[in-house]
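# Architecture and fold: a report
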Amino acid sequence: MSSQIFRSASRAARSLLSASKTSRFYSEGRAVAAAAAVSLNGKVPLLASAYGSTASADASRASWLSGVLALPVAAYMLQEQEAHAAEMERTFIAIKPDGVQRGLIAEIISRFERKGFKLVAIKLVVPSKEFAQKHYHDLKERPFFNGLCEFLSSGPVLAMVWEGEGVIKYGRKLIGATDPQKSEPGTIRGDLAVVVGRNIIHGSDGPETAKDEINLWFKPQELVTYTSNAEKWVYGDN
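In this text the structure is predicted, and so the values were computed from the model without any measurement.

The next subject is the overall build of the protein. Summing up its helical and strand segments, the protein has 12 helices and 4 strands in all. The proportion of buried residues among the 238 residues of the protein is 37%. Taking the intrachain contacts of the protein between residues at least 6 apart in sequence as the baseline, contacts between residues at least 24 apart amount to 78%. Accessible surface, the protein as shown: approximately 14,100 Å² in total, 55% of it carbon and sulfur.

This is the structure:
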């Protein structure tokens, strides 16, 4: 019976989540549950009067109390899970032909991994010039557009999708400024590149760009959704 009550509480919690986003209710979910337990200590709910024995009354009290506890706690847990999922984002990262040819794949991947980001898609491809033009479509009016597309299609490119909280913005920080000579030491371009024309890596510059570039380079079935064993150490709450 208690499992049925908890399932009912979970359904009710989801309804509450969709009907109201009052933060106080969620943040105090555990406190509400504890207060309910204290206030009901030693008291049998009216529902128990239908039972004829003390044992039955105790069983009723336990089931009813588990439902009272389950509702705010379930709502709290659901809110936490939804908030965590909302904070996760994905970005497109590509190691350009110069980075691949220089043997920098392991170095670059390790920097994203050490930060705590999760790799969810990866493949080595040689894009055509037409494909490169699609990738750099927002730069088609710039004088260097043709040379940029020729370079991207000149050799293998390691295309990747990385996932994590703030991965788009911080991924750009890991990469560094477009001009390696303006990039801070410690960034990928600041440490590993010298000139703009050979800056070894590309990263999405915003949520919409990330979405478009991921859809351009990867099919939906090529993206993997999984929970990394390291996540509890990267995102755990104290």
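Moving on, we come to the confidence of the model for the protein. Residue-level pLDDT values for the protein average 78, and 63% of them are 70 or greater. Note that residues 1-7 has pLDDT below 50 and, in this model, 7 contacts with residues that lie over four places away or in other chains. Within the model, pLDDT remains below 50 along residues 16-51, and this stretch shows 42 contacts once partners closer than five positions in the same chain are excluded.

Here the focus is helix H11 (residues 207-217). By the burial criterion, the buried members of H11 are Ala210, Glu213, Ile214 and Trp217. Seen from one end, H11 has its buried residues packed into an arc of 100°, which puts them on one side. Structural note: H11 exposes Glu208, Lys211 and Asn215 on the side pointing more than 90 degrees away from its buried face.

On to the environment of Leu192. Tracing the backbone shows Leu192 in helix H10 (residues 188-192). Leu192 gets classed as buried once you look at its relative accessible area, which sits at 16%. Along the sequence, Leu192 and Gly99 sit 93 residues apart, while their C-alpha atoms lie 9.0 Å from each other. Those residues within four positions of Leu192 in sequence are excluded, and the remaining contacts are Arg102, Leu104, Glu107 and Ile200.

The next thing to look at is the layout of surface pockets. The calculated volume of the largest pocket comes to roughly 640 Å³. Lining the largest pocket we find 27 residues, and of these Tyr136, Asp138, Leu139, Leu148 and His202 sit closest to its centre. Every element with two or more residues in the lining of the largest pocket is listed here: helix H7 (129-135), helix H8 (145-152), strand S4 (201-203) and H11. Ranked by residue count, the leading element in the lining of the largest pocket is H11, at 4 residues. Across the lining of the largest pocket, the residue classes break down as 8 nonpolar, 9 polar and 10 charged.

Before going further, it helps to examine the UniProt feature "active site" (unreviewed entry) in the protein. Taken from the UniProt record, the annotation "active site" (unreviewed entry) applies to His202. On the basis of relative accessibility, which here comes to 15%, the residue His202 falls in the buried class.

Attention now moves to the sheet that holds strand S2 (residues 118-125). Here we have 4 strands laid out as an open sheet, ordered S2-S3-S1-S4, and antiparallel in their pairing. Each end of this open sheet is capped by a strand with a single partner; those strands are S2 and S4. Strand after strand, the sheet turns through a mean of 20° between neighbouring axes, direction not considered. Bridge analysis of strand S1 (residues 88-95) against S4 gives 3 bridges, and the strand direction is antiparallel. Looking at the pairing, Ala94 lines up with His202 of S4. Packed onto the sheet, H11 meets S1, S2, strand S3 (157-165) and S4 and runs at close to 60° relative to S1.

If you look at the biggest cluster of nonpolar residues, it comprises 21 residues, and the most contacted ones within it are Ile108, Phe112, Trp162, Ile200 and Ile201. Top element by residues in this core is helix H9 (residues 167-175). It accounts for 4 residues. If we skip the residues at most four places from it in the chain, Ile200 touches Ala94, Ile95, Lys96, Asp98, Gly99, Arg102, Leu104, Ile108, Ile188, Leu192 and Ala193. With 16 residues, the next largest nonpolar core counts Ala94, Phe145, Leu152 and Val161 among its residues.

Basis of the calculations
- Residues numbered from 1 in each chain as written.
- Predicted model: local features only at pLDDT ≥ 70, side-chain atom pairs only at ≥ 80, totals over all residues.
- Heavy atoms only, no water.
- Helix = DSSP H or I, 4+ residues; strand = E, 2+ residues; numbered from the N terminus.
- Buried < 20%, exposed > 50% of the residue type's maximum accessible area, 1.4 Å probe, protein only.
- Contact = heavy atoms within 4.5 Å.
- Areas by Shrake-Rupley, 256 points an atom, 1.4 Å probe, with all protein chains shown as cover.
- pLDDT = per-residue confidence, 0-100.
- Arc of directions from axis to C-beta.
- 1 Å grid on protein atoms, 1.4 Å probe; cavity = no way out; pocket = protein on both sides within 12 Å on 5 of 7 lines; lining within 4 Å.
- Points joined across faces, edges and corners; volume = space filled by probe spheres on them.
- Nonpolar A, V, L, I, M, F, W, Y, C, P; charged D, E, K, R; others polar.
- UniProt positions renumbered as here; feature names shortened; annotations may be inferred.
- Pairing = 2+ DSSP bridges.
- Axes fitted to C-alpha atoms, helices over the stretch in contact; angles between N-to-C directions.
- Core = buried A, V, L, I, M, F, W, Y, C linked by side-chain atoms within 4.5 Å.

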